[in-house]
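Observations on the model geometry
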Amino acid sequence: MSIKNIESITSPGRPHFVGDGFRVHNFIPGASRSGMERMNPFILLDYGAKHYFPPSDKPRGVGVHPHRGFETVTVAYKGKVAHHDSSGGGGVIGEGDVQWMTAASGILHKEFHEENFSKKGGDLQMVQLWVNLPAKDKMSPPKYQAITKDQITRFDLPGASGTVEIIAGEYKGLQGAATTFTPVSLFTLKLVSAGQADFSFPAGNNTALLVIEGKVVVNDQAVVPADHFGLFLHDGETFTVRAEENSIVLILSGEPINEPIAAHGPFVMNTDTEIRQAFDDFNNGLFGYLED
Ligand code: MN
């Protein structure tokens, strides 16, 4: 086994708003110079760094919009997000919860600050990831995995140095709750100051980490502060993360899906023809109906 080293560390760029409720920094594909392929199957990562929203009677958020061809994964670190979709599904993603939505053949949904959170105001901090699907699964039926805080598998690190919360994939023999279409690992690492954890993923995986809180050192050499994104090379398998202060880190690693990517707005397919089909199907009402 050899060391997997950091290729680049990216500071949060200028944030943009998704609707009026999500103030996000884009790290995938923004942090790479080679588009959606570089972190494939993770084709988008929008990070809502901690941001205070003042009280509002009208919940802020993003209205009805479609998705096709991939999965959206929402991890809430602070605040609460309510969602509804055209299949009749819906729910609230609270602090520590994860929502894994397989849009696949197509879904309409809307995402807003939860009503009481909105009325009281407060800090919102979250991650939204888009996970690509292999061509054979892009048109499969949509589904949801609501993974609440208490359903997340936890591995307690030796010496009370912290916890690895396994959302998807496997860590030290423990399996995360999410089922995935291709091999994907998604962990939230919580370390106390000076705590350390080691990780191992295949060299060919695309691997990155995002520091949600605190400051960490990777392989005793690369310092990654809060709200920064560290992209790994493909030079080895293992790396260590040590905390310089109490820290929370999202760790993601996945086997690349070696198929062409055709992406336009909310649709990620393999060919331009399939993208045009997605727009046609959406315009013809085939994604169902959802009230504004
Ligand atoms: Mn969406």
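Everything that follows concerns the structure shown earlier in this document.
What this report covers is the structure whose coordinates are included nearby.

1. Regarding the sheet that holds strand β21 (residues 222–225)
If you trace the four strands from one edge of the open sheet to the other, you get β18-β23-β20-β21, paired in antiparallel fashion. On the outer flanks of this sheet lie β18 (196–200) and β21, each paired with one strand and no other. Ignoring which end each strand starts from, the neighbouring axes of this sheet average 25° apart. Pairing analysis gives four bridges linking strand β20 (residues 215–218) to β21, with the strands arranged antiparallel. Among the inter-strand pairings, Val-217 is bridged to a residue of β21, identified as Val-223.

2. Structural notes on the coordination of the manganese ion
Donor atoms from the polypeptide that bind the manganese ion are His-65 (NE2), His-67 (NE2), His-109 (NE2) and Glu-111 (OE), placed at 2.1 to 2.7 Å. Sequence positions of the residues that donate to the manganese ion give the spacing H-x1-H-x41-H-x1-E. Of this pair, His-67 sits in strand β5 (residues 61–67) while Glu-111 sits in strand β10 (residues 107–113), and the two are 44 residues apart along the sequence. Under the relative-accessibility criterion, His-67 is labelled buried at 3%.

3. Overview of the nonpolar core
Leu-45, Trp-100, Val-127, Leu-186, Leu-210, Phe-229 and Leu-252 are the most contacted members of the largest nonpolar core, which has 31 residues in total. For this core, the element with the most residues is strand β4 (residues 42–53), which contributes four residues. The contact partners of Phe-229, leaving out residues within four places of it in the chain, are Ser-8, Ile-9, Thr-10, Phe-27, Ile-28, Ala-31, Leu-45, Ala-208, Leu-209 and Leu-210. Membership of the second largest hydrophobic core comes to 24 residues, among which are Phe-155, Val-164, Val-211 and Val-224.

4. A closer look at the pairing of strand β6 (residues 70–78)
Counting buried positions along β6 gives eight out of nine residues, so the element sits mostly inside the fold. Relative to strand β11 (residues 122–132), β6 is paired through eight bridges, and the arrangement is antiparallel. Paired with Ala-76 across the bridge in β11 is Met-126. Here β6 pairs with strand β9 (residues 98–102) via five bridges, running antiparallel. What sits directly across from Glu-71, in β9, is Thr-102.

Conventions we followed
Counting of residues starts from 1 at the beginning of each chain's written sequence and follows it residue by residue. Only residues with pLDDT of 70 or above have their local features reported here, since the model is predicted, and side-chain atom pairs are shown and tallied only from 80 upward, although totals for entire chains, interfaces and linings are computed over all residues. Hydrogens and water are ignored here; the side-chain numbers use all heavy atoms of the structure. In this analysis, strands are considered paired if DSSP registers two or more bridges between them. The numbering of helices and of strands both runs from the N terminus, where a helix is a DSSP run of H or I of at least 4 residues and a strand a run of E of at least 2. What counts as an axis is a line fitted to C-alpha atoms, over the stretch in contact for a helix, and the angles between N-to-C directions run from 0 to 180 degrees. Nitrogen, oxygen and sulfur within 2.8 Å of a metal are treated as its donors, or within 3.2 Å for sodium, potassium and calcium (Na, K, Ca); water is not counted, so a site can appear incomplete. Each residue is assigned to one of three classes by its accessible area relative to the maximum for its type, calculated with a 1.4 Å probe on protein chains only: buried under 20%, partly exposed between the two thresholds, exposed over 50%. As used in this record, nonpolar core signifies buried Ala, Val, Leu, Ile, Met, Phe, Trp, Tyr and Cys residues forming a set joined through side-chain atoms within 4.5 Å. Contacts are residue-level and defined by heavy atoms, with any inter-residue pair within 4.5 Å sufficient.

In short, shape yes, function no, at least from these values alone.
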